[in-house]
Amino acid sequence: MKIEYDIIVVGAGPAGSMAARFAAEKGVSVLMLEKDRDVGYPVRCGEAISKAGVEEFISSDEKWITAHINKFSLNSPDGSEAVVEFNDAGYVLERRIFDYELAKTAANAGAEILTRAYVNGLLIENDKVCGVKYEYRGEQKELKAKIVIGADGVESRIGRWAGLKTHIHFKDMECCAQVTASNIKIDSDTLYFYFGQQYAPGGYFWVFPKGKNIANIGLGVSGMVGKKRSALSYLNNFMDNNYPAAPVLTSIAGGVPSTVTLKKISSPGIMLVGDAARQVNPLSGGGIASGMIGGSIAGRIAGEAVKMNKLDHILTYDKAWHERLGKRHETFERIKNGIYNFSDEKFNKISHSFNKIPKDKRTLGRLFTTALINQPSLLVDIAKVFVI
Amino acid sequence: MFRQAKNGKLMIEILPDKCDFCGCCVGVCPEDAIELKEAEIFIIDKRCTNCAKCVWSCPIEVIRFNKEGVSL
Ligand SMILES: Cc1cc2nc3c(=O)[nH]c(=O)nc-3n(C[C@H](O)[C@H](O)[C@H](O)COP(=O)(O)OP(=O)(O)OC[C@H]3O[C@@H](n4cnc5c(N)ncnc54)[C@H](O)[C@@H]3O)c2cc1C
Ligand code: SF4
Ligand code: SF4
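Quantities reported herein were computed from a predicted structural model and do not represent experimental measurements. (Residues numbered from 1 in each chain as written. Chains lettered and ligands numbered in written order. Predicted model: local features only at pLDDT ≥ 70, side-chain atom pairs only at ≥ 80, totals over all residues. Heavy atoms only, no water.)

Once that is clear, we can look at the interface of chain A and chain B. At the interface, 30 residues of chain A touch 26 residues of chain B. Contact between chain A and chain B buries roughly 2,300 Å² in total, counting both sides, with carbon and sulfur atoms accounting for 54%. In terms of surface lost to chain B, no three residues of chain A exceed Arg157, Arg160 and Phe170 of chain A, which account for 23% of the buried area on that side. Between the two partners, chain A and chain B, sit four salt bridges. Residue Arg44 of chain A is joined to Asp20 of chain B by a salt bridge in which the shortest nitrogen-to-oxygen separation is 2.6 Å. Run the count over chain A and chain B and you get 16 residue pairs in polar contact (both at pLDDT 80 or more). Mapped onto the side of chain A that touches chain B, the elements with two or more residues apiece are strand S7 (117-125), helix H4 (158-161), strand S10 (173-181), helix H5 (223-226), helix H6 (231-242) and strand S14 (248-257) of chain A. With five residues, the top contributor of residues to the side of chain A that touches chain B is S14 of chain A. Looking at the side of chain A that touches chain B residue by residue, the class counts come to 12 nonpolar, nine polar and nine charged. (Contact = heavy atoms within 4.5 Å. Buried area = accessible area lost by both parts, 1.4 Å probe. Salt bridge = Lys/Arg side-chain N within 4 Å of Asp/Glu carboxyl O. Polar contact = N/O pair within 3.5 Å; in protein donor to acceptor, adjacent residues only side chain to side chain. Helix = DSSP H or I, 4+ residues; strand = E, 2+ residues; numbered from the N terminus. Nonpolar A, V, L, I, M, F, W, Y, C, P; charged D, E, K, R; others polar.)

Here the focus is the environment of Arg328 of chain A. By the element assignment, Arg328 of chain A lies in helix H8 (residues 317-339). Sequence separation between Arg328 of chain A and Val260 of chain A is 68 residues, and the spatial gap between their C-alpha atoms is 9.3 Å.

With that settled, the discussion passes to unusual backbone geometry. Peptide bonds are, in most cases, trans, and in most cases residues other than glycine have a negative phi. All names here are of chain A. In this structure, the amide linkage connecting Tyr41 to the following residue, Pro42, adopts the cis form with an omega of 0°. Tracing the chain through its elements places Pro42 in the loop between strand S2 (30-33) and strand S3 (48-50). Positive phi outside glycine occurs at Glu47, with the angle close to 75°. By the element assignment, Glu47 lies in the loop between S2 and S3.

Residue and element names in this part refer to chain A. One open sheet holds the eight strands; their spatial order is S3-S5-S4-S11-S12-S13-S10-S14, and the pairing between them is mixed. Of all the strands in the sheet, the pair left with one neighbour each is S3 and S14. The sheet shows a mean angle of 30° between the axes of neighbouring strands, direction not considered. Pairing geometry for S10 and S14, over nine bridges, is antiparallel. (Pairing = 2+ DSSP bridges. Axes fitted to C-alpha atoms, helices over the stretch in contact; angles between N-to-C directions.)

Moving on to the site of ligand 3. In the neighbourhood of ligand 3, 13 residues make up the surrounding shell, with Cys19, Cys22, Gly23, Cys25 and Cys58 of chain B lying closest. When grouped by side-chain class, the residues that make up the shell around ligand 3 number 11 nonpolar, one polar and one charged. (Near = heavy atom within 4 Å.)

Let us now look at the side chain of Glu35 of chain B. Structurally, Glu35 of chain B is set in strand S4 (residues 34-37). With a relative accessible area of 11%, Glu35 of chain B lands in the buried category. Polar contacts involving the side chain of Glu35 of chain B include one to the side chain of Tyr118 of chain A, which spans 2.5 Å. In this structure the side chain of Glu35 of chain B is engaged in a polar contact, spanning 3.4 Å, whose partner is the side chain of Arg157 of chain A. (Buried < 20%, exposed > 50% of the residue type's maximum accessible area, 1.4 Å probe, protein only.)

What follows is about H8 of chain A. With 23 residues, H8 of chain A extends 31 Å from end C-alpha to end C-alpha; this agrees with the ideal 33 Å at 1.5 Å per step. At Glu323 of chain A, H8 of chain A shows its strongest bend, of approximately 60°. (Expected span 1.5 Å × (residues − 1). Bend = angle between axes of the 7 residues up to and from the residue.)

A separate point is the packing of aromatic side chains. Working definition: an aromatic ring pair is given by the centre-to-centre distance plus the angle between the planes. For the coordinates displayed, the defined rule picks out 19 aromatic pairs over all chains. When the ring of Phe170 of chain A is compared with that of Trp56 of chain B, the centres are 4.8 Å apart and the planes differ by 55°; the resulting orientation is tilted. Taken together, the residues Phe170 of chain A in the loop between H4 and S10 and Trp56 of chain B in helix H2 (residues 53-57) connect one chain to another. Judged by its relative accessible area of 21%, Trp56 of chain B is partly exposed. Ring plane angle 90° and centroid distance 6.4 Å describe the contact between Tyr194 of chain A and Phe205 of chain A, whose orientation is recorded as edge-to-face. Taken together, the positions of Tyr194 of chain A in strand S11 (residues 190-194) and Phe205 of chain A in strand S12 (residues 204-209) put the pair 11 residues apart, joining distant regions of the chain. Classification of Tyr194 of chain A by relative accessible area gives buried; the value is 16%. Here the basic side chain of Lys9 of chain B rests over the ring of Phe2 of chain B, its NZ or CZ set 5.0 Å away from the ring centre. (Phe/Tyr/Trp six-rings, centres within 6.5 Å; stacked < 30°, edge-to-face > 60°. Lys NZ or Arg CZ within 6 Å of the ring centre and 35° of its normal.)

Written out as structure tokens, the structure is:
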């Protein structure tokens, strides 16, 4: 370990690992701190990702792929199913291994990694962040850095300590409960989604295959719903009704900050990436791919700033992110607000009309168009998604 | 004796034995009043305003609102 680093990354999830890697690739010194004992564990995720989202950063490897996805099955409250086919759309991962491999790419680029290091404060001089305070095996320590990158996930506090307003409004928090269960007989190439009041009001319920009859089964509901009924009670209800005897291998809680990116994701000496910056796709709740993109942009810019000896350069990160994905997430957020507020009857109607379309023409675009019959104002927003 | 929040007695109670350490409550707390380590969680009493946002957000019902107050 050095006594000072150019860049310290806090949190070793997908966003942190990509920030560390892209910074290290610029030839600057990088340390990534992780509070947990192991990178990649515990896994709080449905683990679905598009192939393109993965391959921008790492070549596909069967070692961390548990299922190859070709279909989406969208299920309405009355039991009707709309199936959309894609070819080779994506994967269900084994994130425990995937996150570990991502961290290894950062290490291979020259970044150092320290686990069991819990960051509990920032060093700040003249209103500029210049390092971190952390607890390591019971000892309180400090480390200086030119730039700190907060990749500390949904529970992020780094930004707040730097004076950025980062707490999530509880209505924007998708509160999730999930089990990984076995003896679940479903198609291993299909992601199953369930919509409606009984499953996950204002959100969705998922069953994602992991091969060998194992599946991630869970849901997310807004804190607004959680006020009345918890995610766990919806999950228990679903399991009792559908898989009462399924052995449960893991059960977890988790949160997804399901909204647009924070207004400000950099300020002198500090940048935020991944869930900490609210870089999750608000429509799907997926944050692995977008977090890696955010991390890579921040890491690259931070590395450049150190190399040029021009630390202000990190402030260009907000705009770079906005242009790459932030702007698109604003559109997704509007669509989400339209779709997830549909009544049960509306979901049923959309599914029935969709199934009248000839099978080979049932694309995601057609599904959206069908949805629009009920909500024409969404048209403009959806058009934008397919255009940008 | 009760634990003291920012605005009177503390009425928020975490059941640590049941917690999954997922961070939902930390993310929504407007006062930065929850400390979460790998497998340890507690409320920083003097920052908490008893707003209950953490209670509503906990996916597995581990935080409780206790209007009687939480004893020391
Ligand atoms: C139930 C659930 C299902 C999901 N399903 C999907 C899905 O199917 N597909 C998808 O794309 N996304 C999914 N997501 C979202 C996805 O998991 C996240 O968006 C993604 O993990 C974010 O990556 P990250 O690197 O920003 O944060 P994380 O992966 O959360 O990593 C943050 C890291 O920072 C560490 N840390 C936090 N605080 C500190 C500290 N003070 N000091 C040191 N280290 C710290 C944490 O221990 C953690 O390892 C799901 C989320 C949940 C909760
Ligand atoms: S009650 Fe409000 S202030 Fe207190 S810990 Fe919960 S969210 Fe934070
Ligand atoms: S939201 Fe609930 S389960 Fe998650 S860390 Fe807070 S108290 Fe624990």
